[in-house]
Each structure stands twice: as C-alpha cells, then as structure tokens.
Amino acid sequence: MSVLVVNSGSSSVKFELVDPDSGDSIAAGLVEQIGELQGRVVLDYRGETIEKRREIADHTVGLAVAFEILAGAGVELGADVTAVGHRVVHGGDVFHEPTLIDEKVLQQISDLSSLAPLHNPPNVLGIEVARRQLPNVPHVAVFDTAFFHSLPAAASTYAIDREIAKKHHIRRYGFHGTSHQYVSLRAAEFLGREDLNQIVLHLGNGASASAIESGIPIDTSMGLTPLEGLVMGTRCGDIDPGVVMHLRRSADMDVDAIDELLNRRSGLAGLTGVNDFRELGKRIDDGDADAVLAYEVYIHRLRKYIGAYMLALGRLDAIIFTAGVGENAAGVRADALANLRGFGIEIDPERNMMRSKEARVVSTEGSAVTVLVIPTNEELAIARAAQKLARTTTGV
Ligand code: ADP
C-alpha cells in the first residue's frame with residue numbers, strides 16, 4: 001500500500017510514491033521544463049535513475065509522462081495506491097487542515113489563486129490531471145498554510161487599514177507549514193518532551209523561521225505570501241514596501257516586473273547572480289566580495305529572527321535546523337548561533353561538522369538550548385495526512 005504525493009509547481013511536477021507506515025520512499029520523480037520543447041523526466045526507483053527528454057507541452061502531458069515512466073518501471077499505480085496527497089500552497093482563511101478534494105474544494109482552491117497567483121493555479125492543474133488518472137482513490141489537499149492558521153492575532157495582523165485588510169483577506173498566513181509541523185513534532189519526540197519551546201529554521205531555496213510553543217506556532221516569518229521574512233535563494237524577504245512604490249514611480253516598473261524582481265531576482269541570486277548555497281560557498285572561498293556580503297546579509301537576517309523569537313517564546317528549549325541549507329551547511333548553523341553562550345546557546349564544532357541523514361544534536365552538553373538538525377520530509381508528512389484522512393472518510 002502506498003500514497004502518491006504530487007507537488008505541482010509552475011514549470012515542474014514533483015511526485016513520490018511513499019509507504020506511509022514505514023516512511024519508505026518507493027519511487028520519486030520530477031517532471032521539469034513543462035511548456036518547453038525539451039522537457040525532462042527523472043525517476044529514482046530501486047536504486048536506479050531513469051531519465052527521459054521529450055516535449056512536455058503542459059501539466060496534463062507532464063503528469064501523463066510521470067505516470068507512464070512509473071508504469072514503464074513496473075510500478076502498478078492502480079493496484080498499489082490507496083490515496084493521492086497534493087501539496088497546495090495557499091489555503092487562505094478557508095482550509096485549516098488536510099481536506100478531501102471534491103469539486104467544491106477544487107473550486108475553493110482555485111478561488112484562492114488571487115492570494116497565490118504563482119502557486120495555486122498549477123496546484124489545481126496537478127489535482128485535475130491526477131484525479132483523471134486515478135479516479136478511484138481519495139485525493140487529499142495538504143496546505144502549506146494550515147499549520148499556522150491559529151497564529152495569535154498579534155502575530156498574524158498587518159497594521160494597515162482594517163477594512164481594506166478584511167476585504168482583501170490581507171493577513172499573515174505563513175508557509176512551509178507541513179515542514180515546520182513535521183520537524184517540530186520530530187524534535188519533541190527526539191527529546192521526549194511535549195512542552196518544548198522551539199525555533200524552527202527551514203532553510204532551503206525558500207526559507208522561513210517559526211516560533212513554536214508546545215506544538216503550537218506563535219509566530220512565523222512568511223506572511224500573506226512566501227516573500228516575507230528571511231533572505232532566500234531568489235526572494236528578498238523583509239523589505240520596506242516603500243521600495244515597491246519607489247520602483248513603480250521612479251523606475252517605471254509595473255507590478256509584474258516588481259513581482260518578478262522581488263520573487264525571482266532578489267535574495268542570494270539578486271546579490272550574487274547565484275541562488276545555490278554551494279555555489280555561494282565556492283565564491284566566498286574565492287574571495288568574491290559580493291558573495292561575502294550576500295552571506296552576511298543572510299546571516300544577519302537569520303540572527304534577527306532568532307533573537308525576536310527567543311523573546312516571543314520567553315523560554316527557549318531547542319533550535320531546529322532543517323531543509324537543504326539547514327541540514328547541510330554547518331557554517332550557516334555555526335554563524336547563525338555564534339557568540340550566544342550568554343543566552344545559553346552553544347554549538348559543538350565537532351558535532352556540528354558531522355554529516356548524517358539522521359536527526360542529531362549539534363550543541364554542547366552544557367548548552368541550555370539544544371540545537372538539533374532534523375531532516376525534513378514534507379512528502380512523508382503529506383502521505384501520512386492523506387492516508388489518515390482517506391482511512392477515516394472512506395474506510396480504505
Ligand atoms: P527547496 O526544497 O526549497 O527547493 P532544498 O531544501 O532542497 O530547497 O534546499 C536547496 C538549497 O540547499 C540550495 O541552496 C542548496 O545549495 C542547498 N544545499 C544542498 N546541499 C548542500 C550542502 N551540502 N551544503 C550547502 N548547501 C547545500
């Protein structure tokens with residue numbers, strides 16, 4: 001028995017077949033460059049990588065190709081799959097938990113597109129195609145925003161005109177919720193404590209921080225959209241909104257051009273031309289001044305959030321690093337928490353340098369705050385949520 005997890009983005013679809021009970025990944029693949037003449041399909045299955053190049057006109061073709069490559073590798077989707085879990089970016093004020101998809105839900109997700117124009121439309125396409133391909137199993141939407149739906153009003157409210165905010169659903173929603181929830185639960189399990197006050201730092205291409213009190217988030221760095229907060233691969237994170245007005249008036253940029261600038265040509269990419277952290281590291285080693293500055297800006301912002309969330313929590317027990325950069329870049333962990341012994345936070349240099357795919361402690365024995373690296377697994381979290389809902393609603 002397995003759950004197919006689909007993450008349908010604007011030009012790529014990630015898919016993974018997961019055993020939700022054991023947590024094993026059975027097969028994982030990616031369809032990318034959708035809409036291009038030379039699209040790429042990759043599948044990892046039983047230790048082998050199968051790669052194909054062909055034209056992938058749209059998401060319908062993209063997912064059909066994904067199903068084809070799975071079938072070609074011998075994966076019997078029809079027989080094995082008990083549910084499909086779909087990652088959906090924006091659940092707005094409507095969806096607070098994993099939801100069984102029917103026509104009404106699909107329409108509601110589509111209606112939320114004004115809040116996430118880059119994300120919800122491809123999510124909807126992915127759901128439509130997958131439902132046609134696998135019509136006899138439950139399809140479940142798992143929302144990136146859901147974990148943060150109960151943020152205290154003081155943290156979720158923007159200080160702007162109340163009526164306008166209400167009319168246009170403007171508030172802080174938070175994203176990466178599936179990951180923050182998954183790693184914070186793992187941290188509580190790992191340390192054997194339910195009353196854990198923790199700061200979770202999800203540092204991937206996108207990056208976000210959250211403050212979590214006994215499993216309940218009390219603040220997070222992303223807002224109405226995933227643009228707010230930390231410096232990211234291609235997004236600027238926090239910025240004076242005055243910059244937007246200034247660009248509109250002085251640079252004659254329209255809203256789409258500014259959107260593109262702040263979402264795709266900012267952050268590390270904007271400052272250095274590269275968004276990949278490994279490439280940034282190489283440039284720093286080569287003495288590239290832009291790369292050094294970008295790194296300093298990145299760390300400065302991270303420390304600002306850590307400090308703010310320590311105060312928000314009052315008592316801090318654990319700091320969790322996760323996602324591509326958080327799990328792998330020991331230097332980022334060391335610099336983000338350097339010279340904080342006075343605050344009870346001390347990284348152990350040797351533990352921090354050790355590489356492993358397992359959850360692990362990287363702070364010293366004497367550190368009052370335990371610093372952990374916990375690999376995230378959003379696909380498994382989505383698969384488990386989908387299986388749970390499928391079981392309760394259909395008895396599968
Ligand atoms: P996303 O899921 O948001 O696309 P990931 O969580 O996969 O992103 O993280 C991607 C980032 O992790 C990239 O910037 C990449 O350079 C970085 N990363 C991956 N492995 C390493 C590593 N060994 N050292 C430093 N950074 C790494």
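What counts and how
- Residues numbered from 1 in each chain as written.
- Predicted model: local features only at pLDDT ≥ 70, side-chain atom pairs only at ≥ 80, totals over all residues.
- Heavy atoms only, no water.
- Pairing = 2+ DSSP bridges.
- Helix = DSSP H or I, 4+ residues; strand = E, 2+ residues; numbered from the N terminus.
- Contact = heavy atoms within 4.5 Å.
- Axes fitted to C-alpha atoms, helices over the stretch in contact; angles between N-to-C directions.
- Phe/Tyr/Trp six-rings, centres within 6.5 Å; stacked < 30°, edge-to-face > 60°.
- Buried < 20%, exposed > 50% of the residue type's maximum accessible area, 1.4 Å probe, protein only.
- Domains from an automatic or database assignment.
- Buried area = accessible area lost by both parts, 1.4 Å probe.
- Polar contact = N/O pair within 3.5 Å; in protein donor to acceptor, adjacent residues only side chain to side chain.
- Nonpolar A, V, L, I, M, F, W, Y, C, P; charged D, E, K, R; others polar.
- Near = heavy atom within 4 Å.
- Expected span 1.5 Å × (residues − 1).

A. The arrangement of the sheet that holds strand β14 (residues 370-373) in detail. Here six strands make up an open sheet; going across it, the order is β11-β10-β9-β12-β14-β13 and the pairing mixed. Of all the strands in the sheet, the pair left with one neighbour each is β11 (216-220) and β13 (360-361). In the packing of helix α12 (residues 289-313) onto the sheet, the strands contacted are β9 (197-203), β10 (207-213), β11 and β12 (318-322), and the crossing angle to β9 comes to about 160 degrees.

B. The arrangement of the packing of aromatic side chains in detail. This model, assessed by the stated rule, comprises five aromatic pairs. With centroids separated by 6.3 Å and ring planes inclined at 65 degrees, the aromatic side chains of Phe-277 and Tyr-295 adopt a geometry described as edge-to-face. Here the residue Phe-277 occupies a position in helix α11 (residues 277-285), and Tyr-295 occupies one in helix α12, the gap between them amounting to 18 residues. Given a relative accessible area of 16%, Tyr-295 falls into the buried group.

C. Region of interest: the domain arrangement of the protein. Along its sequence, the protein is organised into domain 1 (2-143) and domain 2 (193-378). A separation of 28 Å is found between the C-alpha centroids of domain 1 and domain 2. Listed per partner, the contact involves six residues of domain 1 and six residues of domain 2. The junction of domain 1 with domain 2 conceals about 460 Å² of combined surface from both sides, 48% of it contributed by carbon and sulfur atoms. Sorting the residues of domain 1 by area buried against domain 2 places Leu-115, Leu-118 and His-119 first, and these three jointly supply 58% of that buried surface. The interface formed by domain 1 and domain 2 contains one residue pair in polar contact (both at pLDDT 80 or more). Along the lines of polarity and charge, the residues of the side of domain 1 that touches domain 2 split into two nonpolar, three polar and one charged.

D. Looking closely at the site of the ligand. Within the structure, the ligand sits among 13 residues, and Asn-205, Asp-276, Phe-277, Gly-324 and Asn-328 are positioned closest to it. Taking Phe-277, its main chain carries an N or O atom lying 2.9 Å from an oxygen atom of the ligand. Gly-324 is positioned with one of its backbone polar atoms (N or O) 2.9 Å from an oxygen atom of the ligand. Contributions of two or more residues to the shell around the ligand are made by α11 and α13 (323-328). Broken down by element, the shell around the ligand gets its largest block of residues, four residues, from α13. A breakdown of the residues in the shell around the ligand according to their chemical character gives four nonpolar, six polar and three charged.

E. Spotlight on the sheet that holds strand β4 (residues 39-45). Strands sit in the order β5-β4-β3-β2-β1-β6-β8-β7 across an open sheet of eight strands; the sheet is mixed. Edge positions in the sheet fall to β5 (48-54) and β7 (99-100), since each of these pairs with one other strand and no more.

F. Geometry of the side chain of Ser-266. Counting through the fold element by element, Ser-266 comes out in the loop between α9 (255-264) and α10 (267-272). If we ignore the near neighbours within four places in the chain, the residues touching Ser-266 are Gly-233, Thr-234, Arg-235, Cys-236 and Leu-261.

G. Just helix α7 (residues 177-191), in detail. Taking 1.5 Å of rise per residue, the 15 residues of α7 would be expected to cover 21 Å, and the 21 Å separating its terminal C-alpha atoms lies within 8% of that figure. Among the residues of α7, those classed as buried are Gly-177, Thr-178, Ser-179, His-180, Tyr-182, Val-183, Ser-184, Ala-187 and Ala-188. Just beyond α7, the residue with positive phi is Gly-192, at close to 65 degrees.

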